Amino acid sequence: MLFGSALTGFAAPGDRYTKDKVKGAAAAAPAPEAPMPQAAAKPAADDPAPSFSKAAGSLALGSTQLKSPADFNECVRVALAQSPLLTKSAIEIESKRLDVGDAYSQYIPTIVMSTTFYMRLPEYKNTVAPTAYSSVLSNASSDATQNLANSISASNAVYAGNSANRNRKKYDLSFSTGAWNPLLTAFDVQAKKELANIAVLSHLKVIDQGLKRLGLTYLQLGMTDSMIRMAKEKEELALKNLEYVKTRAGLGQGAQLDVRIAETRVNLARTEAEKMRTTKSVLLDELKFILGVPFIQKVELSLNDAPTQVLEEFNPSTITDESLKKHSFALRIHEYEKALQKKSIALSYIHFLPTFSFGFTSVSTLNNTSYKDDTSTLPFMYPNLTLNMPFDLWTKGRDVSRQYKKMAQLNVEGRNLEFSLMSQFQQALAKLRSATSEVKFAESSMELQKLTVQQAQFRFDSGQAEYDAIVKAMGDFLDSRQNLLVKQYDRDSAMLEVRSVSGEFQDRYINATVMESI
């Protein structure tokens, strides 16, 4: 069937079987008792869009209740609150904001304490000892008491001369900072802010693509639901034809082969209906994944007029070039990248300036220079300031030229992005026009088949044709209706693509201005 080929490209998860379907069953299991009807879900516009980036850390699967029966706006509300498609980009925003905080912390220089302990120190030379002992020998007398007094005085002088060795500290102590430049820190803070803004826009782009995927799945479910009803009509037609053929065979006006052919048509109709039910179950699993709903949870949807729910009153003719550029995530991210590159150019000039560090250092214990007495007070620290200016001007000059070249590349990329955006929008419009023409052709074909059914009915009533002619005409009519459903889906999906490219989803479901200012 045409519908079978159309479903080949549908995005859907693998063979997951939940309580909504049973693997290998020939027919659907009896449905459980329907719950009490509930009030219809309010549009998502009535509920403020949650800040998913802040809630991502405590995200729990199925934590947001899905109202039943759920329309498209209700599905959007739940998806914005807990869809796993949005988790990674939301966490990325928080990561970039942490980087901004780290950049601010660089305004306070890191203090490093360094200390050196000496297990053994070289001794200072005692200049008093030689003169003290030579004085005792040169002033020797016959008075033993005087000689003893001179020896004691010399020993005291030698002991006093060794005081520098006894009172020495056995460690050096210093406090210092690394290379510090507040101008570099200021530019780093601004760069991290730009990266955080890019992360926010990337998250909004993921939301936009997630809403597009949700809308496409919802359209597929709406078409599949219509196909199931169509398959039911085909089955009823095949059963009537089987009853007619059996009646003729019983009257001897038909062959047993005709009965077998009619039974085969009934089986084909039932198989097609089962195929549609299986497809719907797979699409429901896809929808549950997008919504972040457990696969074992039963979901009831309000699929009546699904295209109107998804597309609303969107009119592509109201879209202008300015509106396209304003809503393009690629162009908005590109503007942040250009601002970031301008900061890189300024930063390449700042690298010509020297960096400096400062600290406090104690007098080295290995220094034998004599200072004033207050230097022996431990720990006595002396402030210092160090300027660092590498003479690699040629390398830094080349870096300035390199940054200007990168800016020129970004300008070219910006123009290419604008052309690509316009081309993408025009291609989406062309696809929409083509799909609209296909729908008109399918409508004309269905109208022709409807007239053929009326003609066959008239000829049968007048005795000019057998009942088989009515069955054949009715079967062709149902096939034309089925083909029309497929073409209408193609048109609706093309319209959804135009709505996504135009950025209308952002204005409808995403408060981008608020999220960018967070």
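None of the values given here were measured: they were computed from a predicted structure.

Caption draft 1: A look at the overall build of the protein chain. Tallying secondary structure elements over the protein chain gives 16 helices and four strands in all. Out of the 518 residues in the protein chain, the part that is buried amounts to 37%. Taking as baseline every contact in the protein chain between residues at least 6 positions apart, the subset at least 24 positions apart corresponds to 86%.

Caption draft 2: Geometry of the sheet that holds strand S4 (residues 381–388). Spatially, S1-S2-S3-S4 is the arrangement adopted by the four strands of the open sheet, whose pairing is antiparallel. For this open sheet the edge positions go to strand S1 (111–117) and S4, each flanked by a neighbour on one side alone. Across the sheet, the mean angle from the axis of one strand to that of its neighbour is 20°, orientation sign disregarded. The pairing of strand S2 (residues 171–177) with strand S3 (residues 355–362) spans three bridges and is antiparallel.

Caption draft 3: Highlighting unusual backbone geometry. The amide bond that connects Ser 68 to the next residue, Pro 69, takes the cis arrangement and shows omega of -10°. Take Pro 69: it is sitting in the loop between helix H2 (52–55) and helix H3 (72–82). The backbone phi angle of Asp 305 is positive, close to 55°, even though this residue is not glycine. Even without being a glycine, Glu 312 presents a positive backbone phi close to 50°. You can see Glu 312 is positioned in the loop between helix H10 (306–311) and helix H11 (321–327).

Caption draft 4: View of the side chain of Lys 338. Along the polypeptide, Lys 338 turns up in helix H12 (residues 329–350). Put simply, Lys 338 is tucked away with no salt bridge, and the nearest opposite charge, on Glu 335, sits 4.2 Å away.

Caption draft 5: Spotlight on a nonpolar patch on the surface. Residues Tyr 104, Tyr 107 and Ile 108 make up a contiguous nonpolar surface patch of about 320 Å² in total accessible area. Mapped onto the elements, Ile 108 comes out in the loop between helix H4 (87–105) and S1.

Caption draft 6: Local environment of the pattern of salt bridges. On inspection of all chains with the given rule, the structure shows 23 salt bridges. With its nearest N and O atoms 3.0 Å apart, the salt bridge here joins Arg 270 to Glu 235. Of this pair, Arg 270 sits in helix H9 (residues 256–291) while Glu 235 sits in helix H8 (residues 182–250), and the two are 35 residues apart along the sequence. Here Arg 270 falls in the partly exposed class, since its relative accessible area comes to 42%. Notably, a salt bridge pairs Glu 274 with Arg 277, separated by 3.3 Å at the nearest N-O pair. Taken together, the residues Glu 274 and Arg 277, both in helix H9 and three residues apart, mark about one turn of the helix. On the accessibility criterion, Arg 277 (30% relative accessible area) is partly exposed. Within this structure, Glu 312, Arg 499, Glu 504 and Arg 508 form a network of salt bridges that share partners.

Caption draft 7: Here's a closer look at the environment of Arg 398. With respect to the secondary-structure elements, Arg 398 resides in helix H13 (residues 393–461). Since its relative accessible area comes to 39%, Arg 398 is described here as partly exposed. When the C-alpha positions of Arg 398 and Ser 348 are compared, they lie 9.5 Å apart, and in sequence the two are 50 residues distant.

Caption draft 8: Summary view of the pairing of S3. Pairing geometry for S3 and S4, over eight bridges, is antiparallel. The residue bridging Thr 355 from the neighbouring strand is Asn 388, located in S4.

Caption draft 9: Inspection of the nonpolar core at higher detail. If you look at the biggest cluster of nonpolar residues, it comprises 71 residues, and the most contacted ones within it are Leu 214, Tyr 218, Leu 291 and Leu 301. Elements represented by at least two residues in this core include exactly H3, H8, H9, H10, H12, H13, helix H14 (467–502) and helix H15 (504–509). Considering each element in turn, this core owes the most residues, 16 residues, to H8. When residues no more than four places from it in sequence are discounted, the contact partners of Leu 291 are Leu 66, Cys 75, Val 78, Ala 79, Gln 82, Ser 83 and Leu 214. Residues Leu 242, Val 245, Ala 262 and Val 266 belong to the second largest nonpolar core, which totals six residues.

Rules used throughout
- Residues numbered from 1 in each chain as written.
- Predicted model: local features only at pLDDT ≥ 70, side-chain atom pairs only at ≥ 80, totals over all residues.
- Heavy atoms only, no water.
- Helix = DSSP H or I, 4+ residues; strand = E, 2+ residues; numbered from the N terminus.
- Buried < 20%, exposed > 50% of the residue type's maximum accessible area, 1.4 Å probe, protein only.
- Contact = heavy atoms within 4.5 Å.
- Pairing = 2+ DSSP bridges.
- Axes fitted to C-alpha atoms, helices over the stretch in contact; angles between N-to-C directions.
- Lys, Arg positive; Asp, Glu negative; His and termini not counted.
- Salt bridge = Lys/Arg side-chain N within 4 Å of Asp/Glu carboxyl O.
- Patch = residues over 30% accessible without salt bridge, like charges linked within 9 Å, V, L, I, M, F, W, Y side chains within 5 Å.
- Areas by Shrake-Rupley, 256 points an atom, 1.4 Å probe, with all protein chains shown as cover.
- Core = buried A, V, L, I, M, F, W, Y, C linked by side-chain atoms within 4.5 Å.

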